[in-house]
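# Summary of structural features
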Amino acid sequence: MCGIIGIVGKSSVQERLLESLKRLEYRGYDSAGVAGIVEGRLARRRAAGKIRALEDVLSANPLNATVGIGHTRWATHGAPTEANAHPHKAGRVTLVHNGIIENYAELRETLKAEGRTFESQTDTEVIAHLLDREIASGKAPLHALKATLDQMSGAYALAILVEGEDGLIMGARRGSPLVVGFGEGEMFLGSDALAVGPFTSRIAYLEEGDFVAIDHGSARIFDETGAPVEREVKTVPASAALVEKGNYRHFMEKEIHDQPEGCQRTLAAYLDTLEARAAMPGGVDFAALERIQIVACGTAYIAGLMGKYLIEQLADLPVDVEIASEFRYRAPALNAKSLVIAVSQSGETADTLAALRYCKAKGMKSAAVVNAVQSTIAREVDVVWPIHCGPEIGVASTKAFTAQVSVMTALAVAAARARGRIDADEEQRLVRVMLEAPRLIAESIKLEESVRSIAVEVAKARDVLYLGRGPMYPLALEGALKLKEISYIHAEGYAAGELKHGPIALVDEATPIVILAPYDSYFEKSASNMSEVMARGGQVVFITDPEGQRHAPAGAQVVVTAPRCDPLIAPLVMAAPIQLLAYHVAVLKGADVDQPRNLAKSVTVE
Ligand code: G6P
């Protein structure tokens, strides 16, 4: 995690470093810092806490530099204190780092034995010492950097200043992303296109193992062997408007409201609206596939689980879904005739990437459902199926989830048709159903006022249970995840049928139970579970549709009535109420909705 920025500028860089760090806060926000070369000497400013704290430090003590680096941290090694904040410094070297150096403990011991002293508990400080040692031995900076990288194992993206080398920033990447931005007489390094977006749209993405030196007018890039290489410079439109909150209080609120459009744009990429056909570009032969293996983390995992329900039911194609961090280490048995699909909003999640690479090494064809189409995961797969919901800034994923589920739905229909499980008429019907989803999601978002009043009660709870059957089970997991992520209330999602095998013991007057049950083939069973809860004094929040409301067991107190829809798109339509519930509970509790404690948007460490 962590966000990094480096600027070789013609004018003062302080404000631009701050602007970029604010854009990068989604990657971590435990502490922040900047460093620059001022009159030939390195100067740095750091602060524990968010960028705001760093801004205060800088307004009291500005950094008057035209070359500088910056960092916003998500702590891995060492508490989020000022001493552990980046940039880290050793001798002539000051640097910022995103990633984890796995052999740092032994390197640190060796360096200590040589008489070097450490100011922090971070793995990063070791890199600064290693590089300083190489430079002190007489090597030119780039040779010293290569020698340093060769000693490190683990993941890193780096931006580095060297005292005495004014006008130069070096960088390197392995396992964590780094881009080079090309300006007019100015050059940039950043964790992603958003970081350098305000300054340039001309961007080169570094490859694994690359290292780089930027100065005022050029970038010299080298591959992991040290050979000079060219990396294509692309024009990436980083429209500022896409990452503004507009009239909303929080990005999460805006992103919930963005969903009809995000779903529409995403479906448009996979549906032929004129012919009413579903088509997944990329030439995957679904008829020949024996299995699909989905790997993902967090909300993306839940979207993958939803994919399993949809694909198996419609296309009769076996789908395994697994949390990437488990999958990658347990030597899963795989079938080379299966397709691995990595689902990842950021396309940079370390565990998902490792799980994907494991499958590729076993000879599996690969695909990715990603938002960031220039991400590492997108670049490593055979087929990219982008979601088109625009940048997602709120740490709790909302519009990326519905866009991921949109792709899964289109995929299920396309695969069903390719495998002869549905005929052309049924495909047309299902495509028309899908095309209704954006409108119905918009209807569902209109429930915000009634959800807000329910949130007042839920905000008082210590524990909340979410129950659902069929595709409403993954949605129950997602509802619980959203609530705990941003409101810090303990919440569990359960398959409603499992209620009697444990969670029913938790039911009392103080525990709200959110039951997700549109009027579908599971409804009667879910309604029975609801009665079981109510018989034990449980406070039910019943999220259903008008038909479900009519058939609700007597005594259902709190009902949210989402629009009636075909079961195919119910996961999309029912998502907004649970997202809005979590959002309003968090707002009522005064929590930091867009930047919940301890979390980060993009998790590029294991
Ligand atoms: C973090 C975020 C989640 C996200 C998960 C996977 O935990 O807070 O919102 O679902 O990472 O991220 P990805 O970018 O791979 O979808």
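See above for the structure.
A few points on the structure. (Residues numbered from 1 in each chain as written. Predicted model: local features only at pLDDT ≥ 70, side-chain atom pairs only at ≥ 80, totals over all residues. Heavy atoms only, no water.)

## Topic: the overall build of the chain
Looking only at helices and strands, the chain has 20 helices and 27 strands in total. Here the chain has a C-alpha radius of gyration of 25 Å; the compact-globule value for 606 residues is 25 Å, and the two agree. Summarising its shape, the C-alpha atoms of the chain cover approximately 80 × 50 × 45 Å along the three principal directions. For the chain, the proportion of its 606 residues judged to be buried stands at 61%. Total accessible area computed for the chain in this model is approximately 22100 Å², and 49% of it derives from carbon and sulfur atoms. If you average the places of the 63 positive and of the 76 negative side-chain charges in the chain, the two averages end up 1 Å apart. (Helix = DSSP H or I, 4+ residues; strand = E, 2+ residues; numbered from the N terminus. Rg over C-alpha atoms; globule rule 2.2 N^0.38 Å. Buried < 20%, exposed > 50% of the residue type's maximum accessible area, 1.4 Å probe, protein only. Areas by Shrake-Rupley, 256 points an atom, 1.4 Å probe, with all protein chains shown as cover. Lys, Arg positive; Asp, Glu negative; His and termini not counted. Charge placed at Lys NZ, Arg CZ, Asp CG, Glu CD.)

## Structural notes on helix H11 (residues 350–361)
Side chains three or four residues apart in an α-helix point the same way, a direct result of the helix having 3.6 residues per turn. Spanning twelve residues, H11 covers 16 Å between terminal C-alpha atoms, matching the ideal 16 Å at 1.5 Å per step. Listed as buried for H11 are Ala 350, Asp 351, Thr 352, Leu 353, Ala 354, Ala 355, Leu 356 and Cys 359. Here the buried face of H11 lies against strand S18 (291–296), helix H10 (324–327), strand S20 (338–344), strand S21 (365–370) and helix H12 (376–380). Residue Gly 363 follows H11 closely and has a positive phi angle near 90°. (Expected span 1.5 Å × (residues − 1). Contact = heavy atoms within 4.5 Å.)

## Focus on the packing of aromatic side chains
Each aromatic ring pair is summarised here by two numbers: the centre-to-centre distance and the angle between the ring planes. Throughout the structure, instances matching the rule amount to six aromatic pairs. Here the aromatic rings of Phe 188 and Phe 199 are separated by 5.2 Å at their centres, their planes lie at 20°, and the arrangement is stacked. In this pair, Phe 188 sits in strand S10 (residues 187–190) while Phe 199 sits in the loop between helix H6 (193–196) and strand S11 (202–205), placing the two residues eleven residues apart along the sequence. Accessibility classification places Phe 188 together with Phe 199 in one group, the buried group. Consider the rings of Phe 523 and Phe 542, whose centres lie 6.2 Å apart with planes at 45°: the pair is tilted. In this pair, Phe 523 sits in helix H18 (residues 523–535) while Phe 542 sits in strand S26 (residues 539–544), placing the two residues 19 residues apart along the sequence. Residue class for Phe 542 comes out buried when judged on its relative accessible area of 1%. An aromatic cluster is present here, built from Tyr 519, Phe 523 and Phe 542 joined pairwise through their rings. When the ring centre of Tyr 29 is taken as reference, the NZ or CZ atom of Lys 50 above it lies at 5.2 Å. (Phe/Tyr/Trp six-rings, centres within 6.5 Å; stacked < 30°, edge-to-face > 60°. Lys NZ or Arg CZ within 6 Å of the ring centre and 35° of its normal.)

## Brief notes about helix H4 (residues 124–136)
The end-to-end C-alpha distance of H4 is 19 Å, a good match for the 18 Å that 13 residues give at a rise of 1.5 Å each. Looking at H4, one finds that the buried residues are Thr 124, Glu 125, Val 126, Ile 127, Ala 128, His 129, Leu 130, Leu 131, Asp 132, Glu 134 and Ile 135. Each element contacted by the buried residues of H4 is listed here: strand S5 (88–90), strand S6 (93–98), helix H3 (104–113), helix H5 (141–151), strand S7 (156–162) and strand S8 (169–174). Looking one or two residues beyond H4, the residue adopting positive phi is Gly 138, at roughly 105°.

## Regarding the nonpolar core
Looking at soluble globular proteins, one finds that nonpolar side chains tend to be buried together. Core analysis: the largest hydrophobic core is formed by 102 residues, its most contacted members being Ile 341, Trp 385, Tyr 466 and Ile 569. Excluding anything up to four places from it in sequence, Ile 341 contacts Ile 292, Gln 293, Ile 294, Val 295, Ala 367, Val 369, Trp 385 and Leu 411. Within the second largest apolar cluster, 29 residues are counted, among which are Tyr 104, Leu 149, Val 162 and Phe 211. (Core = buried A, V, L, I, M, F, W, Y, C linked by side-chain atoms within 4.5 Å.)

## Considerations on the site of the ligand
Contacts to the ligand come from 14 residues, most closely from Thr 299, Ser 344, Gln 345, Ser 346 and Thr 349. Backbone polar atom of Gln 345 to an oxygen atom of the ligand: 2.6 Å apart, as the coordinates give it. Ser 346 places a side-chain nitrogen or oxygen 2.6 Å from an oxygen atom of the ligand. Its free accessible area being 390 Å², the ligand has 91% of it covered by the protein chains. Ranked by residue count, the leading element in the shell around the ligand is helix H9 (residues 298–315), at three residues. Among the residues making up the shell around the ligand, the classes are represented as five nonpolar, seven polar and two charged. (Near = heavy atom within 4 Å. Polar contact = N/O pair within 3.5 Å; in protein donor to acceptor, adjacent residues only side chain to side chain. Nonpolar A, V, L, I, M, F, W, Y, C, P; charged D, E, K, R; others polar.)

## A short note on the side chain of Asn 371
One can find Asn 371 in the loop between S21 and H12. Its relative accessible area of 12% is what places Asn 371 among the buried residues. Side chain to side chain, Asn 371 and Gln 345 meet in a polar contact 3.0 Å long. Those residues in contact with Asn 371 that lie beyond four places of it in its chain are Ser 344, Gln 345, Ile 387, Cys 389, Gly 390, Pro 391 and Glu 392.

## Focus on the sheet that holds S11
Pairing within the open sheet is antiparallel, and its eight strands lie in the order S3-S2-S4-S1-S10-S9-S11-S15. Here the strands that pair on one side only, and so sit at the sheet edges, are strand S3 (41–48) and strand S15 (233–235). Taken over all neighbouring pairs, the strand axes of this sheet differ in orientation by 20° on average, direction set aside. Across three bridges, strand S9 (residues 179–182) lies against S11 in antiparallel orientation. (Pairing = 2+ DSSP bridges. Axes fitted to C-alpha atoms, helices over the stretch in contact; angles between N-to-C directions.)

## A few points about the pattern of salt bridges
Under the defined criterion, the tally for this structure stands at 36 salt bridges. The shortest N-O distance in the salt bridge between Arg 174 and Glu 224 comes to 3.0 Å. One end of the pair, Arg 174, is in strand S8; the other, Glu 224, is in the loop between strand S13 (219–222) and strand S14 (228–229), and 50 residues separate them in sequence. With relative accessibility at 42%, the residue Glu 224 sits in the partly exposed group. Measuring nitrogen to oxygen at the nearest pair gives 3.1 Å for the salt bridge that ties Glu 457 to Lys 460. Among the ionic contacts, a cluster of salt bridges with common partners joins Arg 173, Glu 208, Arg 357 and Glu 380. (Salt bridge = Lys/Arg side-chain N within 4 Å of Asp/Glu carboxyl O.)

## Points about the pairing of strand S23 (residues 463–468)
Among the six residues of S23, six are classified as buried, and the element is accordingly described as predominantly covered. Both faces of S23 are covered, namely the face carrying Asp 463, Leu 465 and Leu 467 and the face carrying Val 464, Tyr 466 and Gly 468. Taken together, the six bridges between S23 and strand S24 (residues 490–495) define a ladder with parallel strand orientation. What sits directly across from Val 464, in S24, is Ala 491. Taking the sense of rotation as the criterion, the β-α-β connection linking S23, helix H17 (residues 472–487) and S24 turns out right-handed. Inspection of the sheet shows S23 paired to strand S25 (residues 512–516) by four bridges, in the parallel sense. (Right-handed = clockwise from strand over helix to strand, strands pointing away.)

## Let's talk about the sheet that holds S6
Spatial strand order, S5-S6-S7-S8-S12-S13-S14: seven strands in an open sheet with antiparallel pairing. Each edge of the open sheet carries a strand with a single partner, namely S5 and S14. Across three bridges, S5 lies against S6 in antiparallel orientation. Across the sheet, residue Ala 90 finds its bridge partner in S6, namely Val 93. Packing against the sheet, H4 makes contact with S5, S6, S7 and S8, and its axis sits at approximately 140° to S6. Here H5 sits on the sheet and contacts S7, S8, strand S12 (211–214) and S13; the angle it forms with S12, its principal contact strand, is near 155°.

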